[in-house]
Amino acid sequence: MYQPEAYGIALLFMIVSMLCWGSWANTMKLTPGYAFQLFYWDYILGILLGSLLWGFSLGNVGGGELSFLANIHQADATHILFAIAGGAVFNVANLLLVAAIDIAGLAVAFPVGIGLALVVGVLLNYVLAPKGNPLLLFGGVALVLLAIVIDAAAYRRREQKTQSVSTRGIQISIACGVLMGLFYPLVTKAVTGHASLGPYSVAFFFAVGAALCAVPVNYLLMRRPLTGTPPVTMSGYFQARQSWHVWGVLGGLIWCTGTVFNFVASHAQIVGPAVSYAIGQCATMVSAIWGIFIWKEFATAPAAARKLIPAMFVFFVLGLASIAIAPMVTR
């Protein structure tokens, strides 16, 4: 399998991961009128296809005992179950995130959901595999978290009328954040120890876990949406435009590419899961960049909202730089 050990290449993998995680949702914007629950079936299919694509390509480079299929064959059931559980937890967290955004808005879902996920995920991963200078790592996380809060404040000021936030919206955001922070430590357990999985094989079982979980959970959300919208039926899936299915699968492929690259980078000796996860979760700021510069979400926003954007980018860049150099600075 291909495993970069030079930090420069591993950092490139983490940046690609961040870009993919922050960009896949753009495919949803290209499917107007397509219910998210239906889009999600194509998205999950894309994740499964992506895990196989990278497994049989980069995962087989060089062959040997660490190649994709050979690694799957030698792994034990415990490590495989950890990977499947990680995928299932991610799946629930991802669905809750979308519901939280719909109910509470970006101004709540971002700082509560993604901010909590960033803190929980980095802290737990560092406990499991303490790599990187902790001051730079957690200092960078704090700066990125501040950028997320500023981004949320900008979205709040963009709205002409401030919506009252329901208790349920906050509760869903908290649940999303905790679960989004827990999935990566499960992956870390799956790649640690004797008879463990490699980064490509863990991505495959992670995708399997997400797909298995999506069948009951996404179907339940189709019948009883958390957002209070009317139920969705599978007939809408089969009646959807072909291009919408293509965009859904592409969204899954993009997200899976980011995930595989993140897992591969975390497997490098100098990096570790805490740093890799932290840089990957900076994807929230990548999404903000798409929204600001491509989708023009702040084109008609009041000046009070637009004034926050430069500060958001300053804290984001400083936080990202601090996390990026954390593995290179000894404690």
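Definitions and limits used
- Residues numbered from 1 in each chain as written.
- Predicted model: local features only at pLDDT ≥ 70, side-chain atom pairs only at ≥ 80, totals over all residues.
- Heavy atoms only, no water.
- UniProt positions renumbered as here; feature names shortened; annotations may be inferred.
- 1 Å grid on protein atoms, 1.4 Å probe; cavity = no way out; pocket = protein on both sides within 12 Å on 5 of 7 lines; lining within 4 Å.
- Points joined across faces, edges and corners; volume = space filled by probe spheres on them.
- Nonpolar A, V, L, I, M, F, W, Y, C, P; charged D, E, K, R; others polar.
- Helix = DSSP H or I, 4+ residues; strand = E, 2+ residues; numbered from the N terminus.
- Expected span 1.5 Å × (residues − 1).
- Contact = heavy atoms within 4.5 Å.
- Phe/Tyr/Trp six-rings, centres within 6.5 Å; stacked < 30°, edge-to-face > 60°.
- Buried < 20%, exposed > 50% of the residue type's maximum accessible area, 1.4 Å probe, protein only.
- Lys NZ or Arg CZ within 6 Å of the ring centre and 35° of its normal.

- Under an unreviewed UniProt entry, the name given to the protein is Putative integral membrane protein, and the organism recorded is Candidatus Sulfotelmatobacter kueseliae.
- Of the protein, the UniProt comment under Subcellular location (unreviewed entry) reads exactly: "Membrane".

### So, empty space enclosed by the protein
Part 1 of the reasoning: With the rule as written, the count across this model stands at two cavities of 30 Å³ or more.
Part 2 of the reasoning: Empty space within the largest cavity amounts to approximately 50 Å³.
Part 3 of the reasoning: As for the largest cavity, its lining consists of Tyr184, Val187, Thr188, Val191, Val202, Phe263, Ser266, His267 and Pro273.
Part 4 of the reasoning: Looking at the lining of the largest cavity residue by residue, the class counts come to six nonpolar, three polar and no charged.
Part 5 of the reasoning: Forming the walls of the second largest cavity are Met1, Gly59, Leu66, Ser67, Phe68, Asn71, Gly198, Pro199, Tyr200 and Ser201.
Part 6 of the reasoning: Residue assignment for the lining of the second largest cavity shows that the elements contributing at least two residues are α4 (68-74) and α9 (199-223).
Part 7 of the reasoning: Sorting elements by how many residues they give to the lining of the second largest cavity places α9 first, with three residues.
Part 8 of the reasoning: Partitioned by chemical class, the residues of the lining of the second largest cavity number five nonpolar, five polar and no charged.

### Overview of helix α13 (residues 283-294)
Part 1 of the reasoning: The first and last C-alpha atoms of α13 sit 16 Å apart over twelve residues, in line with the 16 Å expected at 1.5 Å per residue.
Part 2 of the reasoning: Against the buried residues of α13 lie α1 (7-23), α6 (106-128), α7 (134-158), α12 (273-280) and α15 (308-325).
Part 3 of the reasoning: Lys296 lies just past α13 and shows a positive phi near 55°.

### Concerning the packing of aromatic side chains
Part 1 of the reasoning: In this structure the tally under the stated criterion is 27 aromatic pairs.
Part 2 of the reasoning: Here Trp21 and Trp255 contribute two aromatic rings whose centre-to-centre distance is 6.0 Å and whose plane-to-plane angle is 15°, an arrangement assigned as stacked. Taken together, the positions of Trp21 in helix α1 and Trp255 in helix α11 (residues 242-267) put the pair 234 residues apart, joining distant regions of the chain.
Part 3 of the reasoning: Trp255 gets classed as buried once you look at its relative accessible area, which sits at 5%.
Part 4 of the reasoning: Aromatic side chains Phe39 and Tyr43 sit 6.4 Å apart centroid to centroid with 20° between the ring planes, which places their arrangement in the stacked category. With Phe39 and Tyr43 both in helix α3 (residues 36-56) and four residues apart, the pair spans about one turn of that helix. Both residues of the pair, Phe39 and Tyr43, belong to the buried class.
Part 5 of the reasoning: Taken together, the ring pairs in this structure connect Trp21, Phe90, Phe183, Tyr184, Phe206, Trp255, Phe263 and Tyr277 into an aromatic cluster.
Part 6 of the reasoning: Positioned over the ring face of Trp295 is Lys29, at 5.5 Å from the centre of the ring.

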